[in-house]
Amino acid sequence: MKVKENVAYLRGLAEGLEIAKEGSTGKVINKMIETLDKFADAINELQEENEELREYIEDMDSDLADMYEDMEELEENIDDIYEELEDMEEDIEDLYECECDCDCEDEDDDDYGYIEMECPYCGELVEIDEDELYDDDLDIVCPYCEEVILSSEDFDDECEEGCCSCEGCCGEDEE
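One structure accompanies this document, and this report is about it. (Residues numbered from 1 in each chain as written. Predicted model: local features only at pLDDT ≥ 70, side-chain atom pairs only at ≥ 80, totals over all residues. Heavy atoms only, no water.)

Let's shift gears to the overall build of the protein chain. When you go through the protein chain residue by residue, the secondary structure sums to three helices and four strands. When the helices and strands of the protein chain are listed from N to C terminus, the series reads α-α-β-β-α-β-β. The 175 residues of the protein chain split such that 10% are buried. Counting contacts in the protein chain only where the partners sit at least 6 residues apart, residues at least 24 apart contribute 22% of the total. Total accessible area computed for the protein chain in this model is approximately 15,300 Å², and 47% of it derives from carbon and sulfur atoms. (Helix = DSSP H or I, 4+ residues; strand = E, 2+ residues; numbered from the N terminus. Buried < 20%, exposed > 50% of the residue type's maximum accessible area, 1.4 Å probe, protein only. Contact = heavy atoms within 4.5 Å. Areas by Shrake-Rupley, 256 points an atom, 1.4 Å probe, with all protein chains shown as cover.)

Moving on: a nonpolar patch on the surface. Nonpolar side chains collect at one region of the surface, where Y9, L10, L13, L17, I19, L36, F39 and I43 lie side by side and expose about 730 Å² of accessible area between them. Put simply, the parts of the chain that give the nonpolar patch at least two residues each are helix 1 (3–16) and helix 2 (24–96). (Patch = residues over 30% accessible without salt bridge, like charges linked within 9 Å, V, L, I, M, F, W, Y side chains within 5 Å. Salt bridge = Lys/Arg side-chain N within 4 Å of Asp/Glu carboxyl O.)

Quick look at the pairing of strand 1 (residues 114–118) now. Bridging between strand 1 and strand 2 (residues 125–129) involves five bridges; their strand directions are antiparallel. Pairing of M117 across the sheet is with V126, part of strand 2. Connecting the antiparallel pair strand 1 and strand 2 is a turn made up of six residues, with G123 showing a positive phi of about 80°. (Pairing = 2+ DSSP bridges.)

Next up on the list: unusual backbone geometry. Despite not being glycine, E146 shows a phi value in the positive range, around 65°. Of note, E146 is situated in the loop between strand 3 (140–141) and strand 4 (148–150).

If you look at the biggest cluster of nonpolar residues, it comprises seven residues: C119, V126, I128, I140, C142, I149 and L150. Among the secondary structure elements, those contributing two or more residues to this core are strand 2 and strand 4. (Core = buried A, V, L, I, M, F, W, Y, C linked by side-chain atoms within 4.5 Å.)

Looking now at the pattern of salt bridges. Taken as a whole, this structure holds five salt bridges when the rule is applied. Across the pair K4 and D41 runs a salt bridge, and its minimum N-O distance is 2.6 Å. Taken together, the positions of K4 in helix 1 and D41 in helix 2 put the pair 37 residues apart, joining distant regions of the chain. In this structure, E51 engages R54 in a salt bridge whose closest nitrogen and oxygen atoms are separated by 2.3 Å. A residue pair is termed a helical-turn pair when its members lie 3 or 4 positions apart in one helix, as E51 and R54 do in helix 2 at three residues. By relative accessible area, R54 is classed as partly exposed at 39%. Each of K4, D37 and D41 takes part in one network of salt bridges that share partners.

Right, let's get into helix 1. Between its first and last C-alpha atoms helix 1 spans 20 Å; for 14 residues at 1.5 Å apiece the expected length is 20 Å, and the two agree. Once helix 1 ends, the next one or two residues include E18, with phi positive near 60°. (Expected span 1.5 Å × (residues − 1).)

Checked against the element boundaries, S151 lands in the segment after strand 4. Residue S151 is classed as buried on the basis of its relative accessible area of 14%. Of note is the side chain of S151, whose polar atom sits 3.4 Å from the side chain of D139. (Polar contact = N/O pair within 3.5 Å; in protein donor to acceptor, adjacent residues only side chain to side chain.)

Quick look at the packing of helix 1 against helix 2 now. Two elements in contact, helix 1 and helix 2, have axes separated by 9 Å at closest approach and are oriented at 165°. For the element pair helix 1 / helix 2, the angle class is roughly antiparallel. For the pair helix 1 and helix 2, the crossing hand works out as left-handed. Residues V3, K4, V7, L10, R11 and A14 of helix 1 touch helix 2, and the partners they reach there are I29, I33, E34, L36, D37, A40, D41, I43 and N44. Along the lines of polarity and charge, the residues of the contact of helix 1 with helix 2 split into nine nonpolar, one polar and five charged. (Axes fitted to C-alpha atoms, helices over the stretch in contact; angles between N-to-C directions. Parallel < 35°, antiparallel > 145°, perpendicular 65-115°, else oblique. Left-handed = near helix turned anticlockwise from the far one by under 90°. Nonpolar A, V, L, I, M, F, W, Y, C, P; charged D, E, K, R; others polar.)

Bear in mind that shape data such as this cannot, by itself, settle questions of function.
And the structure:
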């Protein structure tokens with residue numbers, strides 16, 4: 001801006017007219033020119049800082065625009081990934097689809113051969129693998145209280161069907 005130049009012109013004019021040398025009016029004018037000079041310096045500094053801030057804001061605006069474009073691209077990629085995942089899920093479902101004419105699709109997919117049983121000691125629900133139920137040499141222990149829930153000694157293969165333990169209930173003596 002031309003403020004600094006205008007102050008320099010006033011200083012030169014006052015010196016040329018010899019106003020600023022002596023006397024009360026000269027001292028006042030000289031002090032006013034000094035003050036105007038300080039104002040001019042401050043205005044120049046503000047203009048420089050303003051220019052730096054303007055450049056910084058323009059850079060930030062450009063960076064934000066780039067980030068927005070990157071974000072849009074990322075959203076598109078995420079949408080593509082979701083579509084691919086859905087296709088993969090369908091492919092997996094197709095792999096496990098039964099090709100026979102039975103109603104096995106109606107079976108509960110969440111049932112993986114486990115049964116739930118309430119522990120008679122602590123009352124917690126315990127999941128037991130059905131295969132373990134048929135193992136005559138395995139005691140089933142509650143994972144919470146560590147008490148034996150089902151003992152292999154409770155079952156006898158020689159009893160009648162439906163008999164839960166051999167205490168003479170099926171007419172056979174316990175061995």
